[in-house]
Amino acid sequence: MSDVPTPEELLSSIEPKPSATGWMDTPVEIKKGMYCYASNPKSVEYVGLPYPRQWNPKDDDWQLPENWQEIISKGFRERLDRFRSVKIFMDICVRCGACADKCHFFIGSGDPKNMPVLRAELLRSVYRNDFTTVGKIIGSIGKNFKKVIGARELTLDVLKEWWYYLFQCSECRRCSVFCPYGIYTAEITIFGRELLNLIGLNIDWVATPVSNCYRTGNHLGIQPHAYKDMMDFFTDDIEDITGVRVDPSFNRKGAEILFITPSGDVFADPGTFTCMGYMMLFHFLQEKYGFDITWSTYASEGGNFGFFTSHETMKRLNAKMYAEAKRLGVKWILGGECGHMWRIVHQYMDTMNGPADFLEEPVSPITGTKFENAKATKMVHIAEFMADLIKHDKLDLDPSRNDHLRVTYHDSCNTSRVMGLLEEPRYVIENVCNNFYEMPVNCIREQTFCCGSGSGLNAGENMELRMQGGLPRANAVKYVHEKHDVNMLACICAIDRAALTTSMEYWVPEVEVTGLTEMVSNALILPGERERDMNLRSEELPGMEGDDAE
């Protein structure tokens with residue numbers, strides 16, 4: 001982070017006050033550290049998105065198609081006609097400002113255009129000019145009258161402003177919780193990004209993962225044999241730590257359950273420890289209860305960066321999981337710790353890909369619990385699955401193995417605000433850990449702050465933006481660290497684990513980040529295991545410090 005200001009410098013730079021010029025005045029200044037690199041044309045081309053080309057956000061010339069305004073206008077009109085919600089959200093905002101101080105990017109930057117209401121106004125201003133009767137009437141009188149109704153033409157400067165600020169939104173929906181009209185501002189960001197994609201304006205941290213996933217089944221572009229090789233390494237590590245050799249199943253037809261998790265769990269710390277946790281949990285259930293589950297090396301990604309690109313791309317990538325479930329002939333799908341995978345499945349699946357009627361309504365083969373919330377999607381979250389196991393006393397747990405941890409919990413935006421998955425993770429933590437402390441009530445559960453790096457913003461070149469966006473969550477973590485000596489932040493999202501690790505290193509370096517299943521498996525007593533003296537991170541367990549235990 002050598003190019004990023006120090007925490008003290010960043011804090012001192014926050015000045016939440018009106019700018020010297022009006023909000024409709026452009027051009028925007030595209031600042032280093034606040035934007036992601038332009039998309040790789042090969043990635044854009046591979047998934048069939050239009051106008052792949054080399055371009056640079058810092059250049060004056062963005063290599064736009066000659067008729068780019070016509071393309072945007074046509075796309076705008078088509079979506080207004082297709083999505084009634086978009087037109088409603090364009091029309092009903094009264095600019096009350098209830099959302100203004102709820103956005104972590106505005107809190108962390110002080111930039112007025114990062115207020116959700118004003119970010120949306122960047123699009124609404126063009127909507128008023130081009131698609132409303134009053135806008136056309138006022139425009140016919142004279143351009144100088146347009147500002148009266150907040151209308152403006154779609155110029156190149158306005159387009160660049162769209163791109164800059166629509167990629168300073170993580171689509172977390174926190175603003176919508178506080179909006180008196182229930183405006184889904186994240187949907188406006190999604191809508192705006194779709195329009196930008198019509199003329200080839202994407203970021204590479206979104207476009208390339210989408211291309212990789214479309215091509216190989218996961219964001220990282222990992223081939224099936226490499227995926228299995230990584231799991232083999234984990235198998236060795238688990239045996240070194242526990243003395244037990246786990247034996248995960250891959251691509252097995254006829255298995256009862258298909259397990260799908262983000263590729264970040266398999267290839268990026270600290271998600272790798274969560275992945276080892278999955279493997280240990282499934283081995284325990286297989287040994288004790290004959291649990292029948294398989295992994296796929298083809299549908300090897302639960303996440304869906306298509307969500308940050310377009311509805312059509314999101315639909316295509318979501319379909320691959322269900323196609324694999326159908327190919328393998330499983331009964332239902334168990335999903336790992338991921339945020340936007342669950343938002344897409346829970347919120348969009350039925351209308352996007354349709355009910356998965358070829359699968360069965362999920363029922364736990366161990367407890368008999370019917371997961372009625374998954375009746376349509378046929379997909380169960382690992383947190384609710386583990387909570388159900390614990391409730392029915394099906395796991396052998398030793399919470400004292402986590403006694404060195406003083407834990408707080410970060411509600412991932414997509415599982416909390418969208419899914420309502422609030423109690424299950426807490427129930428799990430309280431049963432595998434003896435020291436659990438909540439952050440203040442106005443920044444957890446439905447009101448949770450974002451990690452600051454969602455919706456494809458978890459790159460390296462926009463680190464200053466990420467640290468700004470991560471400030472509110474880090475500030476709450478710092479509070480419980482100072483009050484309760486919290487040293488571990490738990491979450492159930494792969495992007496959160498990656499983003500919060502960096503954010504904690506910057507803002508609260510005394511606090512580490514963990515996945516939920518990692519904590520469970522550290523407490524889990526495997527059949528036939530030797531006396532455990534290390535956790536999954538090869539750190540000594542409480543009471544084992546300095547022992548020469550064999």
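From a predicted model like this one, the values you see are computed outputs, not experimental measurements.

Colleague: Explanation requested: the pattern of salt bridges in the structure shown.
Modeller: A side chain of one charge can pair with a side chain of the opposite charge when the charged atoms of the two come close. Taken as a whole, this structure holds 31 salt bridges when the rule is applied. We note a salt bridge from E153 to K146, for which the minimum N-O separation is 3.1 Å. What makes K146 buried here is its relative accessible area of 9%. The salt bridge involving D396 is made with K288; its shortest N-O contact spans 3.2 Å.

Colleague: Looking at this model, I keep getting lost on the packing of helix α6 (residues 116-131) against helix α7 (residues 133-141). Mind explaining?
Modeller: Geometry of a packed helix pair, given as the angle between the helix axes and the separation of the axes. Closest axis-to-axis distance for the α6/α7 pair is 5 Å, and the angle between their directions is 75°. On the basis of the axis angle, α6 is roughly perpendicular to α7. Residue-level inspection shows R128, N129, D130 and F131 of α6 in contact with α7, the latter providing T133, G135 and K136.

Colleague: Help me understand the nonpolar core in this model?
Modeller: A general trend in soluble globular proteins is that nonpolar side chains are found buried together. Core analysis: the largest hydrophobic core is formed by 105 residues, its most contacted members being F76, L159, W162, W163 and L201. Setting aside its immediate chain neighbours within four residues, L159 contacts L64, W68, L154, L196, I199 and L201. Counting residues in hydrophobic clusters, the runner-up holds 77 residues, among them F250, F259, V432 and C433.

Colleague: It is not clear to me how the environment of A498 should be interpreted in this structure. Could you clarify?
Modeller: If you trace the backbone, A498 turns up in helix α22 (residues 494-507). Along the primary structure A498 and Y348 are separated by 150 residues, whereas in three dimensions their C-alpha atoms are 25 Å apart.

Colleague: Quick question: what am I supposed to make of the packing of aromatic side chains here?
Modeller: Centre distance and the angle of the planes are the two values used to describe a pair of aromatic rings. Taken as a whole and judged by the stated rule, the model has 25 aromatic pairs. Pairing F282 with F291 gives two aromatic rings, centres 5.9 Å apart and planes at 45°, and the pair type is tilted. Comparing F282 with F291 shows no difference in burial state: the two are buried. When the ring of W332 is compared with that of F371, the centres are 6.4 Å apart and the planes differ by 50°; the resulting orientation is tilted. Here F371 lies in the loop between α17 (349-352) and β4 (379-381) and W332 lies in strand β3 (residues 332-335), a separation of 39 residues in the sequence. Each of the two residues, W332 as well as F371, counts as buried. Connected via pairs of aromatic rings, a cluster forms that spans F259, Y278, F282, F291, W295, W332, F371 and F385. Note that R174 overlies the ring of F449, its terminal NZ or CZ placed 3.8 Å from the centroid.

Procedures and definitions
- Residues numbered from 1 in each chain as written.
- Predicted model: local features only at pLDDT ≥ 70, side-chain atom pairs only at ≥ 80, totals over all residues.
- Heavy atoms only, no water.
- Salt bridge = Lys/Arg side-chain N within 4 Å of Asp/Glu carboxyl O.
- Buried < 20%, exposed > 50% of the residue type's maximum accessible area, 1.4 Å probe, protein only.
- Axes fitted to C-alpha atoms, helices over the stretch in contact; angles between N-to-C directions.
- Helix = DSSP H or I, 4+ residues; strand = E, 2+ residues; numbered from the N terminus.
- Parallel < 35°, antiparallel > 145°, perpendicular 65-115°, else oblique.
- Contact = heavy atoms within 4.5 Å.
- Core = buried A, V, L, I, M, F, W, Y, C linked by side-chain atoms within 4.5 Å.
- Phe/Tyr/Trp six-rings, centres within 6.5 Å; stacked < 30°, edge-to-face > 60°.
- Lys NZ or Arg CZ within 6 Å of the ring centre and 35° of its normal.

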